[in-house]
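# Understanding the architecture of this molecule
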Amino acid sequence: MSENKIETSSQLQSADDLFAEHLQSRQINADRALAVVLALQWGFAVACAFWISPYTWIGSQNLVHIHVWSAILGGGMLTVFPVFLAIYFPGQRMTRMIMALAQMQFSALLIHLMGGRIESHFHIFGSLAFLAFYKDPWVFLPAVSVVSLDHLIRSLYWPESVFGVLSPEPLRALEHAAWIIFETVFLILGVRQNRRSLWQLAKLQSSLTQQRDLLEQRVRNRTSEIEQQRRILDTVLQRIPAAVFWRDNDGNFMGCNEMFSEFFGLKTPNDIIGKRMNDIIPPNDQTTNRLSSFCDSPDENVELVNIEETLHDFSGDCRTVLTGATSLHDHEGNCFGTLGSFLDITTLKNAESRAKSLANLIQESPNELYIFDSETYHLVEANTGFVRSLGLDQDNLSKVSPEDFIQDCSNQDLRQRISVAMSSPRGRCAFDTVHVRKDGTTFPVHVDIHRSIFEARPVFVAFCTDLSDSQAMERQLAQAQKLESMGQLAAGIAHEINTPMQCVSGNVEYLTMSYERIFQFTDGLFELLNSPSFTTENAHSQLDALAKKHKYSVLREQTPGAVEEASQAVMRVIEIVRAMKAMSHPGQQEMNDTDLNMLIHQASIISRNRYKYVSELELDLSPDLPQIPAYGAELSQVFINLIVNAADAIAERKESEPEMEGKITISTIQNGETVEIRVRDNGTGMSEDVRSKVFNQFFTTKDVGKGTGMGLSLTYNIVSSKHNGTVLVESEPNVGSCFIVNLPMNTHQPVVDESDANQSDTSRVPILT
Amino acid sequence: MLYRHTDPGSHQIADPLEVHPKTRKIPPVLYRVAVVWACILAGLFFALIAYGTTPGPSSLPPTQSPLRPASGELQSSAATDWEVVMAVHPKCSCTAASLNELNRLLSQVDDNVNCRFLVYHPAETDPNWIDGRITSRLSEFHRSTIQADEAGEAARELGMQTSGAVVVFDPHGKTRFHGGITVSRNHEGDNLGVRSISMLIQGQTPPLSTTPVFGCRL
């Protein structure tokens, strides 16, 4: 089926609907009109009955005539039900059929009430004509049927009532019906003509409606498009990050967007309408900027593009703007105004200036900063500090990669180290290493690398801090602390040395007296031997007398003991001195296999004078403890610090609890690949707050002059940084503390985790409670 | 603002040709009500027709006219004139149809017919009781005699017991027809009574010499 046929079919369908609607509308009107007619007829019938035959008589007695009842009751029935249908169900075929029946029966009733007057029979023909208003030929069927049935029944049973004779001619009954049919036929023809006209009207209306709908649809579509374009334009105007305005040729503003109105302090964009440039821009701005000048005298052939100007906003702030303007033309090309815009770039300019300053700061920073490609690892950018430190050529940076200046670290090693570190959520990698200058010299650095984007390419940014000074400072600090410890221990050590030395001195004094007596004894012995009085008989008695005189037996008995005692005291002194020597050794640059048990033993000797008055020291050292690579002097300091702190904690507790017995226990044990050293005391213990700061530099709970706050800080640094170990602390107030040092048996250069490096000193302290 | 909000419905106008009839379908119960309604009406009409076609009582009239001229009211009449005597109840509305039929009858025959109306007057009632539309209508008939009939005695002597009943006497005073001249109560129209009397007066053989009478009882 072609499109035209489809359209025609659709149109006919629509015309059918319209025809049905029109027809039903008219039928509804006819229902209502006939309902009124029925009601009037009812009244008329009742009036007729009362007027013509109000009573029936039997002699002098009268009764209400049956016509009156017929008019009231019969007329009521003929009226009420059809009127009910006409009111509530108008337009329905059954309604009009009932209406037709009622109207024709009303004809019969009226004829009857009016005594069968010939004139009253015209009511039938009038009623039939009235039914034509329904424009439904079927409505004549009940009407004609009623009349025909009435005549048929009357002709059969009361022929005289219709024809006036008892035996009418056979066709006489048909004659009456024929007249009815005659009229009905013409009425039906009229109805058909009316319906045809109505159909034509519906078809015309359908066509007009479709044309109208089509036109309306086009208008709606076009309106929607225009509306959409308006909204887009409006959205663009309001959302564009620029102030936009337009003016007519007389210099009056026709409109602007919100940014423009806000810039000049107007409540709404509509407030700009009708204003002139000098109403919103201070005169000095107007005279100095080219935007207003162009708008005041637009040149049709010139556009103002990206001109940087300064404007004062409503608060008086001077703003830097990027302006543009063009003339507006109508569809005939006539210039009718100016469209101008400006973009507030003050913030951008400030940011640009700040970025330049920051770039200069970074570029000129003495600290090293370099950026290298995340794929090729070739340098992309580096600041002056980096270039200067390494002695590189700024022009050849792109050929340099980190492996060229990081000692003993290939790009592959660095890639692996970065990939491991970047897998953490923070995505940063920090470590200490050594940079090699172009001339081959080296210097320690701390490198902090993070991922970033530089000029739209993924890169790694490395911040380097020269550790030469800080490491030297750290060494000096460690040495100072060591000296501090030695100083604090000096008196005690002197006392420790003094005691055996006094023993030595006493024994030496005794031995001096002893050998003088021995010499006197031997001299007496020689004299006796050379004496003539010495005879064999009295030799024994003379020798006994000599021995008694010089107490030889006492000397013989006591002298070896004195020698032994002196020897032991000397050994004790030697031990102390050896321990001091070991501790005060400035330290070696490399790790050596170290006996931790011996270090702990020596530390206990050196610090004995600090604890022996307040506690006992129990060493529970594992005899099978292997030697581990370590810096012995530094670890000695660690153990001394821990023992001294434990002794101080016990002494502090004893001040309030003099009867308590202090005890320091040092134990060593091998745990897999690590060696664990525990230094436990039953001193005052630490609160959580103290525990969290105990490894911080310069933090101390001791009185002024007793501690510098550097001992545990250095302990942490020595264990973690130099030995890649850990220091944990368990403590409970008034119960005691336990420092747990774990040292790896295979130490290598530790990598400083950036998370630790970033955190405060407090948080980087490992603590067990 | 470039964009100005407009009411999307404001451009629409009512279509003068647009019709939207509102109607409801008739529920099936009303079809049954309609059938009952039609049946009741049919019964009512049957009852009405039956009432209208039920004749009133009547009896045989005397074979000769027993009427003598009433004192003061008789009009002289020729020996060739036919006489139609009608019993009239002055209040009976059905009699109006009989009078109309009589008038139609008189218009069909020559002027050799005299009419006598025996107007019923109940005993012991006001003489004016008979005045009314019917009585005044009687005076419009030519060659007629209006005679008050006390208690309907005169009519009863002629065998008439129902208003509208007529008895026709030929010029010799012989009774030739008696009965009603309407097809039913208060119903005008061609009927056998009028036709028979008309044929009788015109010297033809009537189809009937007696017909039922429809009207109020005297």
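Just so we're clear, the structure is a prediction, and the values are computed from it rather than from any experiment.

### Considering the overall build of chain A
Per the secondary structure count, chain A includes 23 helices and 19 strands. Considering chain A as a whole, with its 769 residues, one finds that 42% of them fall into the buried category. Nonlocal contacts in chain A, meaning residues at least 24 apart in sequence, comprise 61% of its contacts between residues at least 6 apart. Total accessible area computed for chain A in this model is approximately 41,200 Å², and 55% of it derives from carbon and sulfur atoms.

### Quick look at the interface of chain B and chain A
Each side of the interface is counted separately: chain B has 52 residues, and chain A has 65 residues. Buried area between chain B and chain A, both sides added, is near 5,400 Å², and the carbon and sulfur share of it is 65%. The tally of links between chain B and chain A comes to zero salt bridges. At the surface where chain B touches chain A, the tally comes to 10 residue pairs in polar contact (both at pLDDT 80 or more). For the side of chain B that touches chain A, the secondary structure elements donating two or more residues are α1 (28–52) and α5 (192–201) of chain B. The biggest single contributor to the side of chain B that touches chain A is α1(B), with 13 residues.

### Re helix α16 (residues 536–549) of chain A
The periodicity of an α-helix, 3.6 residues per turn, causes residues three or four places apart in sequence to face the same way. Residues and elements named next belong to chain A. In this model, α16 (14 residues) spans 20 Å end to end at C-alpha, consistent with the 20 Å of a helix rising 1.5 Å per residue. Looking at α16, one finds that the buried residues are Ala539, Gln542 and Leu546. Down the axis of α16, the buried side of the element spans an arc of 80°, and every buried residue falls inside it. For α16, the exposed residues lying more than 90 degrees away from the buried face are Glu537, His540 and Lys548. Here the buried face of α16 lies against α15 (468–530). Among the residues trailing α16, lysine 551 stands out with phi positive, at a value near 50°.

### Comments concerning the packing of helix α18 (residues 596–606) of chain A against helix α20 (residues 632–656) of chain A
Residue and element names in this part refer to chain A. Contact geometry for α18 and α20: axes closest at 9 Å, N-to-C directions at 50°. Between α18 and α20, the crossing angle belongs to the class labelled oblique. Remark: the crossing between α18 and α20 carries right-handed chirality. Between α18, through Leu596, Leu599, Ile600, Ala603, Ser604 and Ile606, and α20, the contact on the second element is made entirely by Gly632, Leu635, Ser636, Phe639, Ile640 and Ile643. For the contact of α18 with α20, a count of residues per class yields nine nonpolar, three polar and no charged.

### A word on a nonpolar patch on the surface
A cluster of nonpolar side chains, contributed by A:Trp179, A:Ile181, A:Phe182, A:Val185, A:Phe186 and A:Leu189, occupies part of the molecular surface with about 620 Å² of accessible area. Along the polypeptide, A:Phe186 turns up in helix α7 (residues 172–239).

### A few points about unusual backbone geometry
Residues and elements named next belong to chain A. Phi angles above zero are rare outside glycine, and tyrosine 377 is one such case at about 65°. Tracing the backbone shows tyrosine 377 in the loop between β8 (368–373) and β9 (379–382). For tyrosine 377, a relative accessible area of 1% corresponds to the buried category. One non-glycine residue, lysine 551, lies in the positive phi region at around 50°. Mapped onto the secondary structure, lysine 551 falls in the loop between α16 and α17 (552–584).

### Focus on the UniProt feature "transmembrane region" (unreviewed entry) in chain A
Residues annotated by UniProt as "transmembrane region" (unreviewed entry) correspond here to residues 33–54 and 66–89 of chain A. Between the C-alpha atoms that bound residues 66–89 of chain A there is a distance of 33 Å. The span itself is 96% helix and 0% strand.

### What about helix α3 (residues 93–113) of chain A?
Residue and element names in this part refer to chain A. For α3, spanning 21 residues, the distance from its first C-alpha to its last is 30 Å, which sits close to the expected 30 Å at 1.5 Å a residue. Most of α3 is tucked away, with 18 of its 21 residues classed as buried. Following α3 by one or two positions, glycine 115 adopts a phi angle in the positive range, close to 75°.

### Observations regarding the UniProt feature "transmembrane region" (unreviewed entry) in chain B
UniProt's entry tags residues 29–51 of chain B with the feature "transmembrane region" (unreviewed entry), counted in the numbering of this structure. With 100% helix and 0% strand, residues 29–51 of chain B has its two end C-alpha atoms placed 33 Å apart.

### Considering the pairing of strand β3 (residues 144–150) of chain B
All names here are of chain B. In this sheet, β3 lies alongside strand β2 (residues 113–121) in parallel orientation, the contact comprising seven bridges. Paired with histidine 121 across the two strands is glutamate 150, which belongs to β3. The β-α-β motif built from β2, the intervening helix α3 (residues 133–138) and the parallel element β3 has right-handed crossover chirality.

### Section: the packing of aromatic side chains
Inspection of the entire model under this criterion finds 30 aromatic pairs over all chains. Relative to A:Phe342, the ring of A:Phe263 has its centre 5.0 Å away and its plane inclined at 70°; by these criteria the two rings are edge-to-face. With A:Phe263 in helix α8 (residues 258–263) and A:Phe342 in strand β7 (residues 335–344), the pair connects residues that are 79 residues apart, well separated along the chain. For the pair A:Phe263 and A:Phe342, a shared accessibility class is recorded, and that class is buried. Positioned above the aromatic ring of A:Phe253, the side-chain terminus of A:Arg247 is 5.4 Å from the ring centre. Taking the ring centre of A:Trp51 as reference, the NZ or CZ of B:Arg133 above it sits at 5.2 Å.

### Quick word on the pattern of salt bridges
Scanning the entire structure with this criterion turns up 23 salt bridges over all chains. Note that A:Asp136 and A:Arg93 form a salt bridge whose closest N and O atoms lie 3.3 Å from each other. Linking A:Asp136 in the loop between α4 (122–131) and α5 (140–157) with A:Arg93 in helix α3, this pair joins segments that are 43 residues apart in sequence. Put simply, B:Glu83 and B:Arg116 hold a salt bridge, and the shortest N to O gap is 2.9 Å. Here B:Arg116 lies in strand β2 and B:Glu83 lies in strand β1 (residues 82–88), a separation of 33 residues in the sequence. Of the two residues examined, B:Glu83 and B:Arg116, each falls in the buried class. In the salt-bridge network here, residues are joined through shared partners; they are A:Arg212, A:Asp213, A:Glu216 and A:Arg220.

### Considering the confidence of the model for chain B
Residue and element names in this part refer to chain B. Looking at chain B, pLDDT values average 82 and 83% of them are 70 or higher. Overall, residues 1–14 carries pLDDT values under 50, and its contacts beyond four positions in sequence, including any with other chains, amount to 12 contacts. The low-confidence segment residues 68–77 (pLDDT under 50) makes 13 contacts with residues lying over four places distant or belonging to another chain.

### Let's talk about the confidence of the model for chain A
Residue and element names in this part refer to chain A. Confidence in the prediction for chain A averages 83 pLDDT; 89% of positions are at 70 or higher. The weakest mean pLDDT in chain A belongs to helix α23 (residues 754–758) at 41; the strongest belongs to helix α2 (residues 66–88) at 93. Note on residues 1–6: pLDDT is under 50 here. Beyond four places in sequence and across chains, it has one contact. Considering only residues more than four positions removed or in separate chains, one finds that residues 749–769, a stretch of pLDDT under 50, has 48 contacts.

What counts and how
- All residue numbers refer to position in the chain's written sequence, counted from 1.
- Chain letters and ligand numbers both follow the written order, the letters beginning at A and the numbers at 1.
- In view of the model being predicted, local features appear only for residues whose pLDDT reaches at least 70, and side-chain atom pairs are presented and counted only at 80 or more, with totals across whole chains, interfaces and linings using the full set of residues.
- Heavy atoms throughout the structure, all of them, feed into the side-chain values; hydrogens and water do not.
- Secondary structure counts use DSSP, requiring at least four H or I residues in a row for a helix and at least two E residues in a row for a strand, with both numbered from the N terminus.
- Only protein chains enter the accessibility calculation, which uses a 1.4 Å probe. A residue is then buried if its area is under 20% of the maximum for its type, exposed if over 50%, and partly exposed in between.
- Only heavy atoms enter the contact rule, under which two residues are in contact if any of them lie within 4.5 Å.
- Every accessible area reported is derived by Shrake-Rupley at a probe size of 1.4 Å, with residue values counting cover from the shown protein chains alone.
- A simple way to read buried area is as the amount of 1.4 Å-probe accessible surface that goes missing from two parts once joined, with both sides added.
- Within this document, salt bridges are pairs made up of a side-chain nitrogen of Lys or Arg and a carboxyl oxygen of Asp or Glu, the two lying within 4 Å of each other.
- Side-chain atoms alone can form a polar contact between residues adjacent in sequence; in general such a contact is a pair of N or O atoms within 3.5 Å, and within protein one must be able to donate a hydrogen while the other accepts it.
- Multiply 1.5 Å by the residue count of a helix minus one, and that product is the helix's expected span.
- For this quantity, the arc is that covered by the directions from the helix axis to the C-beta atoms.
- Think of each axis as a best-fit line through the C-alpha atoms, taken over the contacting stretch in the case of a helix, with angles from 0 to 180 degrees between the N-to-C directions.
- Roughly parallel covers angles under 35 degrees, roughly antiparallel covers those over 145, roughly perpendicular covers 65 to 115, and oblique covers all other angles.
- Helix crossings are classified by the rotation of the near helix relative to the far one: an anticlockwise turn of less than a right angle makes the crossing left-handed, while a clockwise turn makes it right-handed.
- Each residue gets one label: Ala, Val, Leu, Ile, Met, Phe, Trp, Tyr, Cys and Pro are nonpolar, Asp, Glu, Lys and Arg are charged, and the others, such as Gly, are polar.
- Residues enter patches when their relative accessible area tops 30% and they take part in no salt bridge; the joining distance is 9 Å for like charges and 5 Å for the nonpolar side chains Val, Leu, Ile, Met, Phe, Trp and Tyr.
- UniProt positions are given in the numbering used here, feature names are shortened, and annotations may be inferred rather than shown by experiment.
- At least two DSSP bridges between two strands are required for those strands to pair.
- Looking down the strands as they point away from the viewer, one classifies a crossover as right-handed if the path from the first strand across the helix to the second runs clockwise.
- Each aromatic pair joins two rings of Phe, Tyr and Trp (for Trp, the six-membered one) with centres within 6.5 Å, and gets the label stacked for planes under 30 degrees apart, edge-to-face for over 60, and tilted for any other angle.
- Geometrically, a lysine NZ or arginine CZ counts as sitting over a ring once it is within 6 Å of the ring centre and also within 35 degrees of the ring normal.
- Confidence scores per residue from the predictor, reported as pLDDT, run from 0 to 100.

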